[in-house]
Amino acid sequence: MSKFLIFISLSIFLASCQNPATNNTDDYINTVTGPISIDSMGLTLIHEHMLVDFIGADSIRADRWNRDSVVAKVLPYLFEVKKHGVRTILDCTPSYLAKDPLLLKTLSEKSGIQILTNTGFYGAVGGKYLPDFVQTETAEHLANRWIAEFENGIEGTGIKPAFIKISVNEADTLSAIDQKLVRAAAITHLNTGLTIASHTGTWKTAAQEVRILQEMGVEPSEFVWVHAQAEQDFENYRKAAEMGVWISLDGIGWSIDPYVDRLVFAKENGILGNILISHDAGWYDPAKPGGGDFQPFTNIFEQLIPILNERGFSEKDWDLLLNKNPKLAFEETISIWFVESTTFSLW
């Protein structure tokens, strides 16, 4: 066999081995109860929270909350949103903010809703939620931690992440730490195929993340611009969509009005295919009595849909936003760039 044919064969072999769950015609995605066919995601909310603890990375610990108490508080809200047809929820609580995969597993088993969790670190709020080792470790070291969670499960639970969740601080120029987090996410994506969702804000900052990702061989279509509702210039939505970026309008649990004009703009300008919507709602807060006030996951169904239906939205539009787009955004994709670079290094 010629060296060229060996090269091609090895490329195909490596591509097929990167994620055994996705090398067939049926694509799979990890949930907290195990992998499922991505086609079974159904109606999906892509950004919600069951539990969040804002105490900071230096003080976070699992004994600050009681799982049974959290389940008792959260479960009725999951049953409520299930009545609206929701089958899947992405829990976006990151590490060091009370990400608790075993809690999520219990909630999923009791509610019947498929819950997805994440890997990654949260750099916003000046790094309050970053462990100290992030300051000294390289992007490669951080990525190795996240890749290990994908391969082996999170903190010994065996529960594997379905996406990468990072966050950065709004800035004219991203800080060195934030750039490191983006690079670590890129490396993780290139090794796992997991989509990168970054808590960001305006396009000024998101565009910097996209440039870093592109420099590292990651397509913009593997990036979710989280909290894009912070952007005031709607033309930047068009720019992001033209690049393939996923535009996440995800604070609908807290208000409705800011989302109406944004979604009408997206429909009128033909970019609904790049839009994701969710509530960023919940969540049990262990610092507050009884977990505090829990924000329901229902505003989209009870308030937003009726308003936008009067503005010309159809069942086809809602199917795109709540069924098709989440599946496309979060399916695992191994980049050709990674396969080629890995293969080349073997010669």
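In this report, we go over the structure that sits alongside the text.

Parameters at a glance
Per chain, the residues get numbers from 1 upward, laid out in the order the sequence is written. Thresholds applied to this predicted model are a pLDDT of at least 70 for local features of residues and 80 or more for the giving and counting of side-chain atom pairs; totals over whole chains, interfaces and linings are not thresholded and use all residues. Remark: hydrogens and water are excluded; side-chain values derive from all non-hydrogen atoms of the structure. A run of H or I in DSSP counts as a helix once it spans at least four residues, and a run of E counts as a strand once it spans at least two, with each numbered from the N terminus. In what follows, a contact means two residues having at least one pair of non-hydrogen atoms within 4.5 Å. Only buried residues count toward a nonpolar core, which is a set of Ala, Val, Leu, Ile, Met, Phe, Trp, Tyr and Cys residues joined through side-chain atoms within 4.5 Å. Exposure classes here rest on a 1.4 Å probe applied to the protein chains alone. A residue is buried below 20% of its type maximum, exposed above 50%, and partly exposed in between. Think of it this way: DSSP has to see at least two bridges between two strands before they count as a pair. The handedness of a crossover follows from its direction of travel: if, with the strands pointing away from the viewer, the path from the first strand over the helix to the second runs clockwise, the crossover is right-handed. Aromatic pairing here means that ring centres of Phe, Tyr or Trp (its six-membered ring) are within 6.5 Å. Orientation follows from the plane angle: under 30 degrees is stacked, over 60 is edge-to-face, and everything else is tilted. Note on geometry: a ring has a charge over it if NZ (lysine) or CZ (arginine) is within 6 Å of the ring centre and within 35 degrees of the ring normal. Between N-to-C directions, angles span 0 to 180 degrees; the directions come from axes that are lines fitted to C-alpha atoms, helices contributing only their stretch in contact. When an angle is under 35 degrees it counts as roughly parallel; over 145 it counts as roughly antiparallel; between 65 and 115 it counts as roughly perpendicular; any other value is oblique. Crossing handedness is read from the near helix: turned anticlockwise from the far helix by less than a right angle, it gives a left-handed crossing, and turned clockwise, a right-handed one.

**Here we look at the overall build of the chain**
Within the chain one finds twelve helices and eleven strands. Summarising the internal contacts of the chain: among those between residues at least 6 apart in sequence, 77% fall at separations of at least 24.

**Quick look at the nonpolar core**
One broad rule of soluble globular proteins: the nonpolar side chains tend to lie buried together. W225, L263 and I277 are the most contacted members of the largest nonpolar core, which has 87 residues in total. For this core, the element with the highest residue contribution is helix α6 (residues 176–192), accounting for eight residues. I38, I46, L276 and A329 belong to the second largest nonpolar core, which has 17 residues in total.

**A word on the pairing of strand β10 (residues 246–249)**
Taking every second residue as pointing to the same face, both faces of β10 are buried, with W246 and S248 on one and I247 and L249 on the other. In the sheet, strand β9 (residues 223–226) pairs with β10 via two bridges, with the strands oriented parallel. Across the sheet, the residue bridging to W225 is I247, located in β10. This β-α-β element, β10 to helix α9 (residues 257–268) to strand β11 (residues 275–277), shows right-handed connectivity.

**Remarks on the packing of aromatic side chains**
Using the criterion set out here, one finds 14 aromatic pairs in the structure. Look at F313 and W318: their rings are 5.4 Å apart centre to centre, the planes differ by 40°, and that puts the pair in the tilted class. Given the relative accessible area of 6%, F313 is considered buried. Three or more aromatic residues link up through ring pairs in this structure, and these residues are W203, W225, F234, Y237 and F265. It is R145 that lies over the ring of F133; its NZ or CZ is 3.7 Å from the centre.

**Remarks on the packing of helix α7 (residues 203–215) against helix α8 (residues 235–243)**
Between α7 and α8, the least distance of the axes is 11 Å, while the angle of their chain directions is 15°. Judged by the inter-axis angle, α7 sits roughly parallel to α8. As for how α7 packs across α8, the hand of that crossing is left-handed. The residues of α8 that touch α7, namely those facing W203, V210 and Q214, are N236, K239, A240 and M243.

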